[in-house]
Amino acid sequence: MRQRKQKQPEKEPAAEISDSKSNDENKAEFDDDISAPYSLALHHTRVFLSLTWAPNAAFDVLLSLAMLTYMIACPYTKVEESFNLQAIHDLLTLSPFNIRAFDHVSFPGVVPRSFVGSLVLWLILYPAVLIGGLLLSILGLNRTPITLANILTPANLWGQHLFLIQYLVRIVLGGLLVWSLHAFRNGVLKRFGVIAANWSAVFNIVQFHMVFWGTRTLPNTFALVLVNHALAIWISQDEFSKTEERNGKLETDLTTHAKVMVALLVFAAAVLRVEVGVLALAILVSEIFVEKRLPIISLVEIGYITSLSSILVSIVIDSFFWSTPLFWPEFHAFYFNVVRGGAAAYGISPVHSYFTDLIPRIAPASLPLAIISPTINDNVKRYGIPAAAFVGLYSLLGHKEWRFVVYIVPLLNAFAGVSIKWLVDSSRVPNVSKAQKMSKDKRFQNQNINPYVVCISLVSVAVFTLVAFVGSWFAVYVSSFNYPGGVALSRLHVLQNGVPGVVVHMDAFTAMTGASRFGEISRFDGWVYSKNESLKTEADFVDAGFTHLLTNQPALHGIQLDKLNQLDTDLDTGSSHWEVVEVIDGFAGIDSRLDDLKSWVREFLRKLNRFDFGDLFGKVGVSLPFKIKTEAQVWILKKKQ
C-alpha cells in the first residue's frame, strides 16, 4: 500500500497540557498574587474547585458508593431490564442446558435480545455465587442440599436468600461501568488535563441517569461499557495509523489502539444495541475525511473482520439459546423497529426532542457548560461534532428515548470539564513579577477578564452542580415508588411466611414493575409462581387453583373498589372467591404547591423561627412545596376458605 501523508493533530498549547502533570506540579501552577485584596480567599477557592487535590481513586469510590446507594434505595427492576435479568437468573438456577424452562421461552418480548451480555455476567458471577451458596449451606442458613445438580446451578444453594443474587448481578454490572468510566476519565486526563478529567467524573456522579441505570441490566448499559472504552481510546490517542516497511514497501496500517476502538464499537452495535453503529459511523467518517487520521482501506479491512466476527458470535450463541437456526437478534430488532416502524407504537416525538428535552434531562448539570466549551478549546469540536451528528441522525427516527443517546453523556461531561478548567485558569490573580511569563500563556492573553467575576462564576457552577446532585437524590426518592410489583411480591412473602402450598399468580403489571424471578424466594419451600397470561376471567383463575393473586385489576376478580374504604380482610368486597390482604401503592405524579408558594414560605419561616428542625423537612407536602402522589396499583388477594 502506498504511503500516505497523515494529517498531524493540532498540538495542545502548554496551558492545555499542563494539567496532565502530577498533582504536586499542578499545585505549583496556582501561583497567585495573594497580596491583592481578597486574593487569598480567591486563591483557596480556585484551588479547592480545581479538584487537583483529590486522589484519583476517590472519584471511582464515590461513583461506586452512589450506585450502591441508589441500588439499595430501589432494589427492584422494571420491564426494560427484565430480559437480561431473567436470563442471568435462568443461567444460574437452570444451567445453559435446560433452555426449555427459561423465562424467554414463555415470554419472548416484543423483539428478541442477545444472550451474549447475560452470558458474560453469568461467567463472572458463577464462582462468587457458587462459593456464597456453599457457605450458606455449610453454615446452615438454608435448607438446600449440596448436590452435583445444585453445584452446576449454584443460585439454588441460596434458597430463601435468592434475591441477594439480584443485588450481586447489579453490583458486577455497575463495577464494569465504573471501570469503563475510569478508562474514559484517563482519556480526558490525557487530552484536556486533570481539572477537566476530575470534573467530568464529578458530573458522572451528580447526574441521576448514569448512576441510577448503571447497575440495571438494560442492553444499553452493556453497550455503554464497551462504548466508554472506545471513546477513551478515541480521545486519548494522537495517531490512529502507522507506516511500516513490509517486503520492501511502505504500508500504512491502523495502530493497535485504533483496531481495538473499531472492534469495540462494531461489536457493541452488532450484538448489543444497533444505535451504536450510528455513533461509530459518525466517528469514523470524521476521522477519515475531516481529521484524516484513519486510512480508509485499512479501516474497511478491520471493519469487515470485526463485523463478521461479531455477527458470528451472536449467531452461534443466540441460535442456541433461542433454538432458532442462524438467529441474529439485533438484526431482528433493527428490522422490527426501523424497517417496519414497530417502535412507533410506543410513541412519536418531535425531531428536536433529543436536543430540547431528553439530553437536557440526562445531562442537566454538564450540558450548559458543554455547549460553550467549543469556544474555549478547539479540540472539543473534533469530538463534539461527531457526537452531535450521531444525535442528529438518530433524531430522524420517530420514537425517541434517552437511553438511545446515553453514550454521549460522558463526552458532554468531559466538555463541561473543559469549561470549568477555563474558569479555574481565568480566575487567577496575576502575579506582576511573572508578567512576562504570563504574556506567553494562553490563559492570560485576555487580561480584560476580571478574575473575581470569573471566580464567582466558578462558585456558581459548583453550587449548581450541588443542586443537581440534590435533584438526583430526589429523583431516586420518587423512583422508589415506581416498583409496586416488586414490593407486592416481597410483602406476600412476609404476610404468608411459613404457609405451605401457596400458588401465586402475578399479572403482567406486577411482573413489569419489579417482580423478577430472583424475587421468588419461597420456591424452595414448595411455593409455585405463575405469570400465565392466557387466563381471562375470574373463573379461569379459580379453576387454575391459585391461592393468591398479585393483580393490577381487582375488578376482574370481582373486587368492588367502592367498598374498599379500609383494609379489612373481613370486609365484604363483593367477590365470592377472593379477599383483599393488602394494597400496594405506586407513584402517581407530583402535586406541586407552587401555586400557593406564599403560604408555604410563611409556614417554612414559622417552623424555622420556632427551631422545629425535626419537622422542617419531615412531612412531605407539609414542609415541602410539593407532594408525592401515590395510588393503589397492586392488590394482594387471597382465596377465601
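Remember, it's a predicted structure, so these values are computed and weren't measured experimentally. (Residues numbered from 1 in each chain as written. Predicted model: local features only at pLDDT ≥ 70, side-chain atom pairs only at ≥ 80, totals over all residues. Heavy atoms only, no water.)

We now examine the packing of helix α13 (residues 256–272) against helix α14 (residues 275–290). Running from amino to carboxyl end, α13 crosses α14 at an angle of 150°, the nearest separation of the two axes being 8 Å. The pairing of α13 with α14 is recorded here as roughly antiparallel in orientation. Facing α13, whose interface residues are M261, V262, L265, A268 and A269, α14 presents V276, G277, A280, I283 and L284. In the contact of α13 with α14, the residues fall into nine nonpolar, one polar and no charged. (Axes fitted to C-alpha atoms, helices over the stretch in contact; angles between N-to-C directions. Helix = DSSP H or I, 4+ residues; strand = E, 2+ residues; numbered from the N terminus. Parallel < 35°, antiparallel > 145°, perpendicular 65-115°, else oblique. Contact = heavy atoms within 4.5 Å. Nonpolar A, V, L, I, M, F, W, Y, C, P; charged D, E, K, R; others polar.)

Turning next to the pairing of strand β7 (residues 626–639). Pairing of strand β5 (residues 548–551) with β7, which is carried by four bridges, proceeds in the antiparallel orientation. Its bridge partner being in β7, L549 is matched across the sheet by L637. (Pairing = 2+ DSSP bridges.)

What follows covers the packing of aromatic side chains. Taken as a whole and judged by the stated rule, the model has 28 aromatic pairs. With centroids separated by 4.7 Å and ring planes inclined at 25°, the aromatic side chains of F208 and F212 adopt a geometry described as stacked. Of the two residues, F208 and F212 both sit in helix α11 (residues 208–213), four residues apart, roughly one turn of that helix. Per residue, the accessibility class of F208 equals that of F212, and both read buried. Grouping aromatic residues by their ring pairs yields a cluster made of Y70, F208, F212, W213, W402, F469 and W473. In this structure, R216 packs its charged tip against the face of W213, placed 5.7 Å from the ring centre. (Phe/Tyr/Trp six-rings, centres within 6.5 Å; stacked < 30°, edge-to-face > 60°. Buried < 20%, exposed > 50% of the residue type's maximum accessible area, 1.4 Å probe, protein only. Lys NZ or Arg CZ within 6 Å of the ring centre and 35° of its normal.)

The five strands lie next to each other as β4-β3-β5-β7-β6, forming an open sheet whose pairing is mixed. Each edge of the open sheet carries a strand with a single partner, namely β4 (528–530) and β6 (578–592). Neighbour-to-neighbour, the strand axes of this sheet turn through a mean angle of 20°, independent of strand direction. Of the strand pairs in this sheet, β6 and β7 are connected by 13 bridges, and their pairing is antiparallel. From the neighbouring strand, I590 faces β7, where its bridge partner is I628. Across the sheet, helix α22 (residues 451–479) touches β6 and β7, and the angle it forms with β7 is around 25°. Packed on one face of the sheet, helix α23 (residues 484–495) meets β3 (503–506), β4, β5, β6 and β7 and runs near 145° to β6.

The next point concerns the pattern of salt bridges. Taken as a whole and assessed by the stated rule, the structure comprises 16 salt bridges. Where K531 meets D103, a salt bridge forms, and the shortest distance between an N and an O atom there is 2.9 Å. Remark: D103 occurs in helix α6 (residues 103–106) and K531 occurs in the loop between β4 and α25 (538–543); sequence separation between them is 428 residues. K531 gets classed as buried once you look at its relative accessible area, which sits at 14%. Exposure remark for D103: the relative accessible area of 10% places this residue in the buried category. The salt bridge partner of R293 is E287, with a shortest N-O separation of 2.7 Å. (Salt bridge = Lys/Arg side-chain N within 4 Å of Asp/Glu carboxyl O.)

Turning to its location among the elements, H548 is positioned in strand β5. At 3.5 Å, the side chain of H548 and the side chain of Q496 are in polar contact. In this view, H548 contacts L492, Q496, V502, V503, V504, H505, W578, L637 and K638; residues no more than four positions away in its chain are not counted. (Polar contact = N/O pair within 3.5 Å; in protein donor to acceptor, adjacent residues only side chain to side chain.)

Across the protein chain, the average pLDDT comes to 86, with 84% of residues at or above 70. Confidence, expressed as mean pLDDT per element, reaches its minimum in the protein chain at helix α1 (residues 14–17) with 39 and its maximum at helix α12 (residues 219–236) with 98. In the model, residues 1–28 has pLDDT below 50 throughout and makes 60 contacts with residues more than four positions away in sequence or in other chains. Here residues 432–447 is a poorly scored stretch, pLDDT under 50, and it has 17 contacts once near neighbours within four places are set aside; other chains count. (pLDDT = per-residue confidence, 0-100.)

Taken together, the side chains of L281, V285, F289, V290, I296, I297, V300, V351, L393 and L396 make up a nonpolar region of the molecular surface, amounting to roughly 940 Å² of accessible area. Where the nonpolar patch is concerned, the elements lending two or more residues are α14 and α15 (296–322). Sort the elements by how many residues they give to the nonpolar patch and α14 lands first, with four residues. One can find L281 in helix α14. Classification of L281 by relative accessible area gives partly exposed; the value is 48%. (Patch = residues over 30% accessible without salt bridge, like charges linked within 9 Å, V, L, I, M, F, W, Y side chains within 5 Å. Areas by Shrake-Rupley, 256 points an atom, 1.4 Å probe, with all protein chains shown as cover.)

Mapped onto the elements of the fold, H89 is located in helix α5 (residues 82–94). When its relative accessible area of 0% is taken as the criterion, H89 is described as buried. Only 3.1 Å separates the side chain of H89 from the side chain of R523, close enough to count as a polar contact. Excluding residues that lie within four positions of it along the chain, H89 makes contacts with L162, R517, F518 and R523.

This part takes up the pairing of β5. What you see with β5 is no split at all: H548 and L550 on one side and L549 and T551 on the other are buried throughout. Of the pairings in the sheet, the one linking β3 to β5 comprises three bridges and is parallel in character. Residue pairing for β5: M506 is matched across the bridge by L550.

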